[in-house]
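Residues per chain, in single letters:
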Amino acid sequence: MNGAVRNGSVEPRFVGGTARPTRLRLTVRGRRVLAALAALPAVIALSAAVIGGGAALATRDAGAPAGSFHTVTVAAGDSLWSIAEEIAPDRDPRDVVDELVRLNALDSVVVRAGQNLAIPTGADRGEAPDDGR
């Protein structure tokens, strides 16, 4: 035993008339574990920020007014290019395709039959959609 037991408590052992202080000793592995535990909240916060980074940011913009868009259902054999030529014949189809991709948040220019696309109401009359530029 490290000390004498008196009245249910352990008293420190005296060496040469003075009490020996207890010192915490960490091994290299112990220091690494302690550092990892200390860094864990930062890692969790960073992971949450990376995962949530693709979320949309809230703004005070009112968005598009009601009735400013209508939908077109993609038919078999349709492409964004053919839809762009149909809804805006006097505009460059590349610009219209780019606007449709951005407006509908498409990953690519590939569309499938039965898919609904939002089209600005002015686009079918050959007017440029108001995209804030």
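As the structure is a prediction and not an experimental result, all values here were calculated from the model.

**Q** Help me understand the overall build of the chain in this model?
**A** Helix and strand content of the chain: 3 helices and 6 strands. Taken from N to C terminus, the helices and strands of the chain fall in the order β-β-β-β-α-β-α-α-β. Once local pairs closer than 6 in sequence are excluded, the contacts in the chain between residues at least 24 apart make up 57%. Summing over all exposed atoms, the chain offers an accessible surface of approximately 10700 Å²; the carbon and sulfur share of this is 57%.

**Q** Help me understand the pattern of salt bridges, please; the structure alone is not making it clear to me.
**A** A side chain with one charge can pair with a side chain of the opposite charge if their charged atoms come near. On inspection of all chains with the given rule, the structure shows 3 salt bridges. With a shortest N-O distance of 2.9 Å, D92 and R94 are connected by a salt bridge. In this structure, R102 engages D98 in a salt bridge whose closest nitrogen and oxygen atoms are separated by 3.4 Å. One end of the pair is R102 and the other is D98, both in helix α3 (residues 93-103) and 4 residues apart, which spans about a single turn. Here R102 falls in the partly exposed class, since its relative accessible area comes to 45%.

**Q** What exactly am I supposed to notice about the packing of helix α2 (residues 80-87) against α3 here?
**A** Any two packed helices are characterised by how steeply their axes cross, that is the angle between the axes, and by the distance between the axes. Between α2 and α3, the least distance of the axes is 9 Å, while the angle of their chain directions is 110 degrees. With respect to their mutual orientation, α2 and α3 come out roughly perpendicular. The hand of the α2/α3 crossing is right-handed. Counting all contacts with α2, which are made through L80, W81, I83, A84, E85 and I87, the residues of α3 involved are P93, R94, V96, V97, L100 and V101. Looking at the contact of α2 with α3 residue by residue, the class counts come to 10 nonpolar, no polar and 2 charged.

**Q** Explain a nonpolar patch on the surface here, please?
**A** On the surface, V33, L37, L40, V43 and I44 cluster together to form a nonpolar patch covering roughly 460 Å² of accessible area. Positionally, L40 belongs in helix α1 (residues 28-51).

**Q** Looking at this structure, how should I read the side chain of Q115?
**A** Along the polypeptide, Q115 turns up in the loop between α3 and β6 (116-120). Q115 gets classed as buried once you look at its relative accessible area, which sits at 14%. In terms of polar contacts, Q115 uses its side chain to reach the backbone amide nitrogen of R112, at 3.1 Å. Every residue in contact with Q115, bar those within four places of it in the chain, is listed here: V72, T73, V74 and L106.

**Q** Just to check I follow, could you spell out unusual backbone geometry for this structure?
**A** Note: most residues except glycine have negative phi, and most peptide bonds are trans. A positive phi angle, near 50 degrees, is found at A105, a position not held by glycine. Summarising the element assignment, A105 is placed in the loop between α3 and β6. A105 sits in the exposed class, given a relative accessible area of 64%.

**Q** Would you mind going over the nonpolar core with me for this structure?
**A** One recurring pattern in soluble globular proteins: nonpolar side chains tend to sit buried together. Counting residues in hydrophobic clusters, the biggest one holds 14 residues, and the most contacted among them are L80, I83, I87, L100 and L117. For this core, the secondary-structure elements that each account for two or more residues are α2, α3 and β6. In contact with L117, other than residues within four places in its own chain, are H70, T71, V72, V74, L80, I83, N104, L106 and V111.

Conventions used here
- In this numbering scheme, every chain counts its residues from 1 along its sequence in written order.
- Under the rules for a predicted model, residues below a pLDDT of 70 receive no local features and side-chain atom pairs below 80 are neither given nor counted, while totals for whole chains, interfaces and linings still include all residues.
- Note: side-chain values were computed over all heavy atoms of the structure, leaving out hydrogens and water.
- Here a strand is any run of E in DSSP of at least two residues, a helix any run of H or I of at least four, and the numbering for each starts at the N terminus.
- The contact definition used throughout considers only heavy atoms, calling two residues in contact when any of these lie within 4.5 Å.
- Method for areas: the Shrake-Rupley scheme with a 1.4 Å probe, in which residue coverage is limited to the protein chains shown.
- Just to be clear on terms, a salt bridge is a Lys or Arg side-chain nitrogen sitting within 4 Å of an Asp or Glu carboxyl oxygen.
- Buried residues are those whose accessible area, probed at 1.4 Å on protein chains only, stays under 20% of the maximum for their type, while exposed residues exceed 50% and partly exposed ones sit between those limits.
- Axes here mean lines fitted to C-alpha atoms, for a helix over just the part in contact, with angles spanning 0 to 180 degrees between N-to-C directions.
- Each angle is binned into one of four classes, with values under 35 degrees roughly parallel, values over 145 roughly antiparallel, values of 65 to 115 roughly perpendicular, and all other values oblique.
- We call a crossing left-handed when the near helix sits turned anticlockwise from the far one by less than a right angle, and right-handed when that turn is clockwise.
- Three classes are used: nonpolar for Ala, Val, Leu, Ile, Met, Phe, Trp, Tyr, Cys and Pro, charged for Asp, Glu, Lys and Arg, and polar for all others, with Gly counted as polar.
- Here the term patch refers to residues with relative accessible area over 30% and no salt bridge, with like charges joined within 9 Å and nonpolar side chains (Val, Leu, Ile, Met, Phe, Trp, Tyr) within 5 Å.
- Pairs of N or O atoms within 3.5 Å make up the polar contacts considered here, provided that, within protein, one atom can donate a hydrogen while the other can accept it, and that residues adjacent in sequence are counted only when both atoms are side-chain atoms.
- Definition used in this section: a nonpolar core is a set of buried Ala, Val, Leu, Ile, Met, Phe, Trp, Tyr and Cys residues joined via side-chain atoms within 4.5 Å.

Everything listed here is a matter of geometry and, on its own, says nothing about what the molecule does.
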